[in-house]
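# Tertiary structure, described
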Amino acid sequence: MDKIGLPRSLFYYYHGDIWKTFFSKLNIPYIISPNTNKEIMDRGLKVSNDEMCLALKNYLGHIDYLKDKCDYILIPRICNYKVNNQACTNFWAAYDIVNNLFDINILNYNIDLEKGESLKKGLYKIGRKLNKKPLEIRKAYKKAIYEYNLIKKKNTQINLNKLNSKKTKILIVSHPYNTYDSIIGSDIIKYLTNEGAEVIYSDKFDAEKTNKLSGKLSKNLYFKYSKESIGSIIYAMDKIDGIIFISSFPCAPDSLVNELVMRKIKKPHINIIIDNNSSFTGIETRLESFLDVLRGNIHV
Amino acid sequence: MKECYLGIDIGSISTKGVIIDERNNIITSSYIWTEGNPVNAVKKLVNILKKNLPKNYILKAVGTTGSARKLIGLMLNANIIKNEITAHAIGTLFYHPNVRTILEIGGQDSKIILIKNGIITNYAMNTLCAAGTGAFLSSQAKRLGIDVEDFGKYALKSKNPVKIAARCTVFAESDLVHKAQVGYPKEDIIAGLCKSIVLNYLNNVGKGKKIEPPIVFQGGVSKNEGVVKYFKEVLDEDIIVDKEGHLMGAIGIAILAKNNKTGNNYSLEVNNIKFETKAFECNHCSNNCELLRIFKNGRQIDSWGSKCGKY
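Here the structure is a predicted model, which is why all the values come from computation and not from measurement.

### Describing the overall build of chain A
Helix and strand counts for chain A stand at 12 helices and 10 strands. Here chain A has a C-alpha radius of gyration of 20 Å; the compact-globule value for 300 residues is 19 Å, and the two agree. Overall, the C-alpha framework of chain A stretches about 70 × 40 × 35 Å when taken along its three principal axes. Residue pairs in contact within chain A that sit at least 24 positions apart in sequence constitute 73% of those at least 6 positions apart.

Right under this line is the structure:
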């Protein structure tokens, strides 16, 4: 039986839950690469070039880790979710970059709603390629979407509940593949939680609502994921104490969008840009002082 | 016996220490180079302070700040360890209760702190890039064969500062080399450099922040009259530079230590403390954590960098 490799990076943080149910229901074995560790990051740094962002370098590390452990690696291409909802260019390019760098079999689907290419169409195609019957595929897809929606609903509710917390509430505005990655963002989250702050995530709101709300900060943005993250600021504004922007170096959408937003919002905020510096000291200083500022309990 | 309180600010370039009394007056202070070895620098510093401290004082609190605050905090058993932003704000607020904006440029960090009614309302720090900080100035001073302490004097002589790219130090450096090769006088190049530090700071750290007077300028770079002059010129505001500006972090952390005193006595006897750090890479799992183990008198008292908590 063919085994599918699922890299725990980039797309995984958007579609991973769907993939897992979809392949389980079809009885197709799969392997997920582990949380990013130093070895995976080093592999990524070795195969990537200097102009790629840290998140993409990391992604290539996960591919490199999986390349001899499975028969196929799943790499989608996410272009757009209709007009003015583009994905970052790396999401367009990842498939081609991997195809050029590695000698592996790739399973691919496109999301390009402007041209009618949807997730459903893509996963059906993959099911057929793996010799599954149409009825099975339909059932697996339905189940996958159903469970994905349940998880999403639950996470959104947890996030919303946190908005009423009595602790110092900090909104993390960042892409999920940075926030939850064990080398890029999770040390920051861990530090904040240990220091007694309530951490709220920009990607765990109702994306349709946040997408619309982003119009209040800028009317002509066209990056889907950026729209959703900054829409969350408007959504949560009255209930949070401060905002931390996290981005991986060099992120093109963030360098435009975060800069724009930081000039417009009145809440205290800091911007943390992560490259592959291994020391946490500099970041800790910024986080610690930010918490001091938010709590305002320091006097002469 | 009168009570006194020690504050130490261990930066990347310099180590600052003060001992203050009950009313926050400085009893004695010292300022030395860190020279890449915070442990030795602090031993040296504490010995200088001890020599100058009148015999009728007893040490009741110790605080550390700056990038080596955790290490030195452990070594001296500090009762408070705080980041340098908070420490600087507290120190400055003691001398200038009305301050609205603190500009600070140090060895590898630069920051801006905004204050309203004695409370920090916002701040920003350079991203992890050290462009436009003291480190850049000292490396350029070396290139030009001038002591960095004399930079200010040269800059003030110039009537016509050259234009130097302000965004990135790598670009700034190549601009600098070109201007020197073309034959511009040294003082014009140095003045241009000072101006580029100011523009870089305002573009990078100060962007989007409303800089309101009174403005206090601190950190090692505030000793450079050239940079002060161009801050005045660009912001069109008066800039306050304290004689004690370089000690503000240390004073702030001493005040915080005093406010958090535990009732214990502290000792200034550091010569006999054997304080060692050992770095090694743990190979038990694929995280390959870079660990730092800290030994005091041969006994491990702490270790940092472990993701799993094994050490």
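### Overview of the overall build of chain B
Within chain B, the secondary structure is distributed over nine helices and 13 strands. Relative to the 2.2 N^0.38 estimate, which gives 19 Å for 311 residues, the radius of gyration of chain B is 21 Å and therefore close to what a compact globule would have. Its C-alpha atoms put chain B at 60 × 50 × 35 Å along the principal axes. Sequence separation of 24 or more characterises 63% of the internal contacts of chain B that already satisfy a separation of 6 or more.

### What about the domain arrangement of chain A?
Residue and element names in this part refer to chain A. Split by domain assignment, chain A resolves into domain 1 (4–148) and domain 2 (163–295). The interface is formed by 17 residues belonging to domain 1 together with 21 residues belonging to domain 2. For the side of domain 1 that touches domain 2, the secondary-structure elements that each account for two or more residues are helix H2 (38–47) and helix H3 (54–66). Each residue belonging to the side of domain 1 that touches domain 2 can be placed in one class, and the counts come to 10 nonpolar, seven polar and no charged.

### Quick word on the sheet that holds strand E7 (residues 168–173) of chain A
All names here are of chain A. Reading across from one edge, E8-E7-E9-E10 is the order of the four strands in this open sheet, with parallel pairing throughout. Edge positions in the sheet fall to strand E8 (197–201) and strand E10 (269–274), since each of these pairs with one other strand and no more. Averaged over all pairs of adjacent strands, the angle between strand axes in this sheet comes to 25°, irrespective of strand direction. Alignment of E7 against E8, held across five bridges, turns out to be parallel. Note that in E8 the partner of leucine 171 across the bridge is isoleucine 200. This element, helix H12 (residues 281–295), spans E7, E8, strand E9 (242–248) and E10 of the sheet and lies at about 170° to E10.

### Remarks on the interface of chain A and chain B
Opposite the 20 residues of chain A that make contact, chain B presents 21 residues. For the side of chain A that touches chain B, the elements supplying multiple residues, two or more each, are H2, helix H11 (252–264) and H12 of chain A. Looking at side-chain class alone, the side of chain A that touches chain B contains six nonpolar, eight polar and six charged residues.

### Thoughts on H12 of chain A
Owing to its 3.6 residues per turn, the α-helix brings residues three or four apart onto one side. Residue and element names in this part refer to chain A. Taking 1.5 Å of rise per residue, 15 residues should cover 21 Å, and H12 covers 21 Å from first to last C-alpha, within 8% of that figure. Among all positions in H12, only Thr285, Arg286, Leu287, Ser289, Phe290, Leu291 and Val293 are buried. In the segment just after H12, glycine 296 is the residue with positive phi, at about 55°.

### As for the nonpolar core
Within soluble globular proteins, side chains that are nonpolar generally end up buried alongside one another. Among the nonpolar cores identified, the biggest contains 156 residues, and Leu171 and Ile172 of chain A together with Ile113, Tyr123, Cys194 and Ala254 of chain B are the most heavily contacted of them. Not counting chain neighbours up to four residues away, the residues in contact with isoleucine 113 of chain B comprise Ile85, His88, Ala89, Ile102, Ile120 and Tyr123 of chain B.

### A few points about helix H6 (residues 169–182) of chain B
Residue and element names in this part refer to chain B. The first and last C-alpha atoms of H6 sit 20 Å apart over 14 residues, in line with the 20 Å expected at 1.5 Å per residue. Looking only at H6, the buried set comprises Thr169, Ala172 and Leu176. Buried residues of H6, viewed axially, fall in a sector of 50°; they line one side. In H6, those exposed residues whose orientation departs by more than 90 degrees from the buried face are Val170, Val177, His178, Gln181 and Val182. Against helix H4 (134–144) and helix H7 (186–204) lie the buried residues of H6.

### Quick look at the packing of H2 of chain A against H3 of chain A
All names here are of chain A. Taken N-terminus to C-terminus, the directions of H2 and H3 make an angle of 105°; their axes are 7 Å apart at the nearest point. By the angle class used here, H2 and H3 are roughly perpendicular. Between H2, through Ile40, Met41, Arg43, Gly44, Leu45 and Val47, and H3, the contact on the second element is made entirely by Lys57, Asn58, Leu60, Gly61, His62, Asp64 and Tyr65. For the contact of H2 with H3, the class distribution of residues is six nonpolar, four polar and three charged.

### Considering the environment of serine 48 of chain A
Residue and element names in this part refer to chain A. Tracing the sequence through the fold places serine 48 in the loop between H2 and H3. Taking C-alpha positions, serine 48 is 14 Å from tyrosine 95, a pair spaced 47 residues apart along the chain. Excluding residues that lie within four positions of it along the chain, serine 48 makes contacts with Leu56, Lys57 and Leu60.

### Some details on the domain arrangement of chain B
By convention, interface size is frequently given as the accessible area that disappears when the constituent parts associate. All names here are of chain B. Its domain assignment divides chain B into domain 1 (2–88 + 250–259), domain 2 (97–242) and domain 3 (275–304). On a C-alpha basis, the centroid separation for the pair domain 1 and domain 2 is 27 Å. Counting residues at the interface gives six residues for domain 1 and 11 residues for domain 2. Here the residues of the side of domain 1 that touches domain 2 are counted per class, giving two nonpolar, four polar and no charged.

### Details of the environment of leucine 160 of chain A
Topologically, leucine 160 of chain A is positioned in helix H6 (residues 134–162). The sequence separation of leucine 160 of chain A and arginine 263 of chain A amounts to 103 residues, and the corresponding C-alpha distance is 26 Å.

### A closer look at the packing of H6 of chain B against H7 of chain B
All names here are of chain B. Here H6 crosses H7 at 160°, and the two axes come no closer than 11 Å. Taken together, H6 and H7 sit at an angle that is classed as roughly antiparallel. Every pair of crossing elements has a handedness; the one defined by H6 and H7 is right-handed. Contacts from Ala172, Leu176, Lys179 and Ala180 in H6 reach Ile189, Leu193 and Ser196 in H7. Of the residues belonging to the contact of H6 with H7, the class tally is five nonpolar, one polar and one charged.

### Observations regarding the sheet that holds strand E5 (residues 80–81) of chain B
Residues and elements named next belong to chain B. Spatial ordering of the open sheet is given by E3-E2-E1-E4-E5, a layout of five strands whose pairing is mixed. Looking at strand neighbours, the two that pair on one side only are strand E3 (26–33) and E5, the edges of this open sheet. Taken strand by strand, helix H2 (residues 69–76) contacts strand E1 (2–10), strand E4 (57–65) and E5, and its axis lies near 155° from that of E4.

### Description of the confidence of the model for chain B
Model confidence for chain B is summarised by a mean pLDDT of 87, while 97% of its residues fall at 70 or above. With pTM at 0.84, the complex prediction returns an ipTM value of 0.74.

### Digging into the pairing of strand E6 (residues 101–105) of chain B
Residues and elements named next belong to chain B. Burial of E6 is extensive: five of the five residues sit out of reach of the surface. Burial along E6 is two-sided: the residues Thr101, Leu103 and Ile105 and Ile102 and Glu104 are all buried. Looking at chain direction, E6 and strand E7 (residues 110–116) are connected through five bridges and run antiparallel. The partner of leucine 103 across the bridge, within E7, is isoleucine 112. Here E6 folds back onto E7, and the loop between the two strands holds four residues. Note that E6 and strand E9 (residues 215–218) share four bridges and pair parallel.

### What about the environment of asparagine 264 of chain B?
For asparagine 264 of chain B, the location among the structural elements is in the loop between helix H9 (248–259) and strand E11 (275–281). Separated by 203 residues in the primary sequence, asparagine 264 of chain B and alanine 61 of chain B place their C-alpha atoms 7.6 Å from one another.

Criteria and cut-off values
- Residues numbered from 1 in each chain as written.
- Chains lettered and ligands numbered in written order.
- Predicted model: local features only at pLDDT ≥ 70, side-chain atom pairs only at ≥ 80, totals over all residues.
- Helix = DSSP H or I, 4+ residues; strand = E, 2+ residues; numbered from the N terminus.
- Rg over C-alpha atoms; globule rule 2.2 N^0.38 Å.
- Contact = placed C-beta atoms within 7 Å.
- Domains from an automatic or database assignment.
- Nonpolar A, V, L, I, M, F, W, Y, C, P; charged D, E, K, R; others polar.
- Pairing = 2+ DSSP bridges.
- Axes fitted to C-alpha atoms, helices over the stretch in contact; angles between N-to-C directions.
- Expected span 1.5 Å × (residues − 1).
- Buried ≥ 20, exposed ≤ 12 C-beta atoms within 10 Å, placed from the backbone.
- Core = buried A, V, L, I, M, F, W, Y, C linked by C-beta atoms within 7 Å.
- Arc of directions from axis to C-beta.
- Parallel < 35°, antiparallel > 145°, perpendicular 65-115°, else oblique.
- Left-handed = near helix turned anticlockwise from the far one by under 90°.
- pLDDT = per-residue confidence, 0-100.

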